[in-house]
Amino acid sequence: MLFRLIHLPCRKAALLWLLLGLMSPVLVSQEPQALSPKDPAMRRFVDDLLEKMTLDEKIGQMSQVAYQEPHTVSHEERIRKEQAGSFLFVKDPAEINRLQHIAVDETRLHIPLLFGFDVVHGFRTIYPVPLAMASSWDPSLVEHAQYMAAREASSVGIRWAFAPMVDIARDARWGRIMEGSGEDPFLGSRMAEAQVRGFQGTIGAPDRILACVKHFAGYGAAAGGRDYDQSDLSDEQLWNVYFPPFRAAQAAGAATFMAAYMDLNGVPASGNRYLLHDVLRTDWGFQGFVVSDWETVPNLVTHGFASTPADAAARAANAGVDMEMTSSLYRDFLAEDIKHGSVTQQTIDNAVRSILEAKYKLGLFTNPYATPGLAAKELVSADQRHAARIAAQRSSVLLRNESNILPLKKSMRNLAVIGPLADSKPDTMGSWSLAGKYDDTVTVLSGIRAKAGSSVEVRYAKGVEVERGNASIFDPQFASPPPTLVTGAQREESFKEAIDLVRSSDLTVLVLGELQSMSGERASRATLNLPGEQENLLEAAEATGKPIVLVLINGRPLDITWASQHIPGILEAWYPGTEGGNAVADLLFGDAVPGGKLPVSWPRTAGQEPLYYNHTLSQIPVDRDAMYWDESSAPLYPFGYGLSYASISIHDLKLSSTNLRAAGAIEATVTLHNPSNVDGDQTVELYTHQRAGSASRPVRELKGFERVHLKAGEQRSVTITLHADDLKFWSPATRQTELDPGIFDLWVGDSSAATEHATFAVLP
Ligand code: NOJ
């Protein structure tokens, strides 16, 4: 019945839907519910539709159009001819509804469009970047933030986020490290599934959107940290390090996946049937659809893999890329490929089926439009701002706090806020803030000013300016602001003005880091220095002998080795988003207490990269930190590290049993004590090490964590459950997942350097 209705001219259909809706709501509204791809009603609906579709209409569904890209055929005509199944980058609800009306009202089959967007860390309200969100070690916070992002995006009619990005990144030079959850597969998996739950909730609810797990797979292992460069990964690394977050996201019900740009072990990911079919569909049972990344289909030719564009279209479709992003090789060549037999009709039908099922599950066939007026209520609402502020508070990491320089006292007379990032709105937002607005954004300077009120005089100087380079292709607003310090004399004067301000102030907050465009896609760096003259500014400020606090705004660990020895207070705020300045001010003045922990090992210098805590033991492990002639090989700060104004100890580790059987679990209990007079959070982290087995296993692996809140003076116990299943790994000996019997070490503590230790045995 429903299917027949969509063939009626739309106005009549809408009237009928309405009437039927009054009589029988079941027929016309897809109630929010978990619809399995095997849902019989959906199956019938999609089968009927597929039967009616021409090959060209099917290929149209497999094509995604980039709204702002130059085009020879108008978008309207493209839609009317049913040559587009999806659009990306439309963000205006009126325009989305206009295009949607063309698709629903003016086409033969009335199939709605699916609008997608990079809702990476918020839509209009920008939340902290994903690396920051992972620093919260709080999956429920992460889930909530992506739910809030889904509310904003869906209010304008966007129903598909190109997120979460779950690529493991072990190399801080790689610009996209800021888009993921860092280096660890366990933490990354918890963050991946939380984001999927946040975006999707129950698929079909009007305020939820589809997740797109990207970039499948191995993109984070780009050689030399160079974006887009090839990844060479052993099966052991793929299965044990790079796949787990993807697997977790898929198990959490992710509706779509995005294929990656680069070559994986000699086969481009977007033409890689092993990845997209054998692993994703056959092994893991994924039943959603896969979209290519931007032009990765034509790039199969660029890679020297496909011989012609027609070959590229065939190879991508046969590998399992169901929808082509941006480029038009599917539209231009798939029909010909079918004629020549290089692609089967079945391949096309499978792809189209999974795309139509996703649209059906979302409820697009019954409710394709953005609700008029909703966006005005939802975008940067007070609720959104509140959630973004809490997120930024909880994701900042206190790296150093000598002599309790922090929190700042509101009793000081005056405070200097200095640095090129102190009052920069784009840089507070970070990359992938495409729908964010500078004017919504609270910088650190404005946050501090608002907090200090009239009691503390706040004075600002930029000090130095960092070269912005070319305008970012990822942020059209980014053309501004133009440099203000142009001549050498202007630069000298600005530097001097800042240092004079430091001298004449009770305390200085220096806000340094990286510009928005230095971190993200196509933003890899060969060094990890504070760009430009910032290090000189920092050292000159310290040389005045006045108290200095450093706030970092950035998307990757930076080389702050000098600062870690000379600057008493260092707060890593990452790119903290729309409410970032307020959150930083809350933290600096103690109205919020830092509790974030590093999701990456913090290097001393770029030469240590790739750097990660979960390496295997190798020759002379006792000398592990002396593997270089000219530098320690230990991180500056270990994975999982972060301080608080409260000092919460973790001790008295007890295991519920020292034996563990397959499918069983043991509980590790520790006592936490907060002897300080400040309430605060501590994250209890549990690590294991398998002493011997069918493969050499990492020296430590995170296997459990919990962020808990303790009142001043409170003491309490915390229990973390370790499941035998979490000790399984992909063994090169058998080429499958194994649980090796034997002795394991277990540590619990507040970082990957945890010292509370016990052992247990996995029994055969
Ligand atoms: C390319 C990026 O790699 C991907 O992450 C993004 O979702 C698409 N472009 C669309 O913007």
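Check the entry above for the structure.
The rules behind each value
- Counting restarts for each chain, with residues numbered from 1 along the sequence as it is written.
- Local features in this predicted model are restricted to residues of pLDDT 70 or higher, and side-chain atom pairs are both shown and tallied only at a pLDDT of 80 or more, whereas totals for entire chains, interfaces and linings draw on every residue.
- Side-chain metrics in this entry use all non-hydrogen atoms of the structure; hydrogen atoms and water are not considered.
- Runs of E in the DSSP output that reach at least two residues are strands. Runs of H or I that reach at least four are helices, and both are numbered from the N terminus.
- A simple rule labels every residue: compare its accessible area, found with a 1.4 Å probe on the protein chains alone, to the largest value its type can have, and call it buried under 20%, exposed over 50%, or partly exposed in between.
- The charge count treats Lys and Arg as positive and Asp and Glu as negative. His and the chain ends do not count.
- Note on definitions: salt bridges are taken to be side-chain nitrogens of Lys or Arg within 4 Å of carboxyl oxygens of Asp or Glu.
- Should any heavy atoms of two residues lie within 4.5 Å, those residues are counted as being in contact.
- We call a residue near a molecule or strand when any one of its heavy atoms sits within 4 Å of it.
- For this analysis, a polar contact is any N or O atom pair within 3.5 Å, provided that within protein one partner can donate a hydrogen and the other can accept it, and provided that sequence-adjacent residues contribute only side-chain to side-chain pairs.
- With residues, only the protein chains shown are counted as cover, and all accessible areas are computed by Shrake-Rupley using a 1.4 Å probe.
- Note on residue classes: Ala, Val, Leu, Ile, Met, Phe, Trp, Tyr, Cys and Pro are nonpolar, Asp, Glu, Lys and Arg are charged, and everything else, Gly too, is polar.
- As a rule, the C-alpha atoms of each element are fitted with a line to give its axis, helices using only the stretch in contact, and angles between N-to-C directions run from 0 to 180 degrees.
- Put simply, angles under 35 degrees are roughly parallel, angles over 145 are roughly antiparallel, angles from 65 to 115 are roughly perpendicular, and the rest are oblique.
- Take the far helix as the reference: if the near one is turned anticlockwise from it by less than a right angle, the crossing is left-handed, and if turned clockwise, right-handed.

Some details on the side chain of Arg78
Take Arg78: it is sitting in helix H6 (residues 75–80). Buried within the structure, Arg78 lacks any salt-bridge partner; Asp332 is the closest side chain of opposite charge, at an N-O distance of 6.6 Å. Those residues in contact with Arg78 that sit more than four places away from it in its chain are Val65, Val73, Gln83, Ala84 and Arg331.

As for the site of the ligand
What surrounds the ligand is a group of 14 residues, the closest being Asp118, Arg176, Lys214, His215 and Asp293. In the environment of the ligand, an oxygen atom lies 2.9 Å from a nitrogen or oxygen atom belonging to the side chain of Lys214. Here an oxygen atom of the ligand sits 3.5 Å away from a polar atom, N or O, in the side chain of Glu521. Burial of the ligand by the surrounding chains reaches 98%, relative to a free accessible area of 300 Å². Of the residues contributing to the shell around the ligand, the split by class is eight nonpolar, one polar and five charged.

So, the packing of helix H9 (residues 139–155) against helix H19 (residues 382–395)
Two elements in contact, H9 and H19, have axes separated by 10 Å at closest approach and are oriented at 150°. Our classification of the angle between H9 and H19 gives roughly antiparallel. By crossing handedness, the relation of H9 to H19 is classed as left-handed. Here Leu141, His144, Met148, Arg151 and Glu152 of H9 come into contact with H19, specifically with Asp383, Gln384, Ala387, Ile390, Ala391 and Arg394.

Digging into unusual backbone geometry
Cis peptide bonds are those with omega within 30 degrees of zero, and the linkage from Lys214 to His215 qualifies with 0°. Inspection of the secondary structure assignment puts His215 in strand S5 (residues 212–216). Non-glycine residue Trp137 carries a positive phi angle of around 50°. Counting through the fold element by element, Trp137 comes out in the loop between helix H8 (130–135) and H9. Trp137 sits in the buried class, given a relative accessible area of 1%. In this structure, Val380 is a non-glycine residue whose phi angle is positive, near 40°. You can see Val380 is positioned in the loop between helix H18 (374–378) and H19.

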